[in-house]
Amino acid sequence: EPEVTQTPSHQVTQMGQEVILRCVPISNHLYFYWYRQILGQKVEFLVSFYNNEISEKSEIFDDQFSVERPDGSNFTLKIRSTKLEDSAMYFCASNPSGGVGKTQYFGPGTRLLVL
Amino acid sequence: AQSVTQPDIHITVSEGASLELRCNYSYGATPYLFWYVQSPGQGLQLLLKYFSGDTLVQGIKGFEAEFKRSQSSFNLRKPSVHWSDAAEYFCAVGSPGNTPLVFGKGTRLSVIA
């Protein structure tokens, strides 16, 4: 069964460094999402992406964040200058073409620790 | 704005016992409701979903959930829990189309012998 994959599974970085989290969505899916979960808190929406552009973003997704689909298969989340509060589990999700009731399929997550 | 409340942070049940995980939502229209499960080191796996129709929905691994509009609830149930059900369970609400999901904080399920 096709699944969303994410790399790396864990990443440790120093505050102020740039990180890129990678996701490979399910191949025939067209909508892509990033969510994050700070330890002990809710899973929160960051951004959605369709047709090579951001379709929606939350207030969390500020100028430090960017997303890209560089090659038709990968979907990346970049944090330009990490802060301690960026430490979280980051989930990528995808769903098929538009329409009512499409289910989002999630990857296993990348656990980011900013020191 | 949409919101989801999962009142129980942690539940412990005995293997073979029944299970009910609570979920309450706030949403102006008819919601799309989901239950996801996350085992350690794994992603969020969809257990079941409700969009319309029969308010009792069946999912994978023997789980079911009932949508009760009058109570704004979508509780997850399983008649007999197995040790492999130990995981974190998340309730989420969405709306038509490809809008983001709003999640609850999750309920961690422990299963004891």
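Above this text sits the structure in question.
These numbers come from a predicted model, not from an experiment.

Okay, the overall build of chain A next. Tallying secondary structure elements over chain A gives zero helices and 11 strands in all. Listing the helices and strands of chain A from first to last along the sequence gives β-β-β-β-β-β-β-β-β-β-β. Over its C-alpha atoms chain A spans a radius of gyration of 13 Å, differing by no more than 12% from the 13 Å that the globule rule assigns to 115 residues. Here chain A holds 115 residues, and 48% of them are scored as buried. Accessible surface computed for chain A: about 5800 Å², of which carbon and sulfur atoms make up 47%.

Below, the discussion takes up the pattern of salt bridges. Where charged atoms from two side chains of opposite charge approach closely, those side chains can pair. Taken as a whole, this structure holds five salt bridges over all chains when the rule is applied. Residues Arg36 of chain A and Glu44 of chain A are paired through a salt bridge, measuring 3.5 Å at the closest nitrogen-oxygen approach. Where Arg77 of chain B meets Glu64 of chain B, a salt bridge forms, and the shortest distance between an N and an O atom there is 3.2 Å. Linking Arg77 of chain B in strand 9 (residues 73-78) with Glu64 of chain B in strand 8 (residues 64-68), this pair joins segments that are 13 residues apart in sequence.

Attention now moves to the interface of chain A and chain B. Contact with chain A, which involves 24 residues of that partner, is made by 22 residues of chain B. Summing both sides of the interface, chain A and chain B together bury roughly 1800 Å²; the carbon and sulfur share of this comes to 56%. Put simply, chain A and chain B have zero salt bridges between them. Counting across the interface, chain A meets chain B through five residue pairs in polar contact (both at pLDDT 80 or more). If you list the elements that add at least two residues to the side of chain A that touches chain B, you get strand 4 (31-37), strand 5 (43-50) and strand 9 (88-95) of chain A. At four residues, the largest contribution of residues to the side of chain A that touches chain B is made by strand 4 of chain A.

Inside soluble globular proteins, nonpolar side chains tend to come together where they are buried. Residues and elements named next belong to chain B. Ranked by size, the top nonpolar core spans 26 residues in total, and within it Leu19, Trp35, Leu47, Leu48, Phe74, Leu76 and Tyr89 carry the most contacts. At the level of elements, strand 2 (10-14), strand 3 (19-21), strand 5 (32-38), strand 6 (45-50), strand 8, strand 9, strand 10 (87-94) and strand 12 (107-112) are the ones that each hand at least two residues to this core. Excluding anything up to four places from it in sequence, Leu48 contacts Leu33, Phe34, Trp35, Val57, Gln58, Gly59, Phe63, Glu64, Ala65, Phe74 and Leu76.

The next point concerns the pairing of strand 9 of chain B. Residues and elements named next belong to chain B. In terms of residue burial, strand 9 counts as a mostly covered element, since five of its six residues are buried. Pairing analysis gives three bridges linking strand 3 to strand 9, with the strands arranged antiparallel. Bridged to Leu21 within strand 9 is Leu76. Count of turn residues in the strand 8/strand 9 antiparallel hairpin: four residues, of which Ser72 carries a positive phi of about 50 degrees.

Cut-offs applied
- Residues numbered from 1 in each chain as written.
- Chains lettered and ligands numbered in written order.
- Predicted model: local features only at pLDDT ≥ 70, side-chain atom pairs only at ≥ 80, totals over all residues.
- Heavy atoms only, no water.
- Helix = DSSP H or I, 4+ residues; strand = E, 2+ residues; numbered from the N terminus.
- Rg over C-alpha atoms; globule rule 2.2 N^0.38 Å.
- Buried < 20%, exposed > 50% of the residue type's maximum accessible area, 1.4 Å probe, protein only.
- Areas by Shrake-Rupley, 256 points an atom, 1.4 Å probe, with all protein chains shown as cover.
- Salt bridge = Lys/Arg side-chain N within 4 Å of Asp/Glu carboxyl O.
- Contact = heavy atoms within 4.5 Å.
- Buried area = accessible area lost by both parts, 1.4 Å probe.
- Polar contact = N/O pair within 3.5 Å; in protein donor to acceptor, adjacent residues only side chain to side chain.
- Core = buried A, V, L, I, M, F, W, Y, C linked by side-chain atoms within 4.5 Å.
- Pairing = 2+ DSSP bridges.

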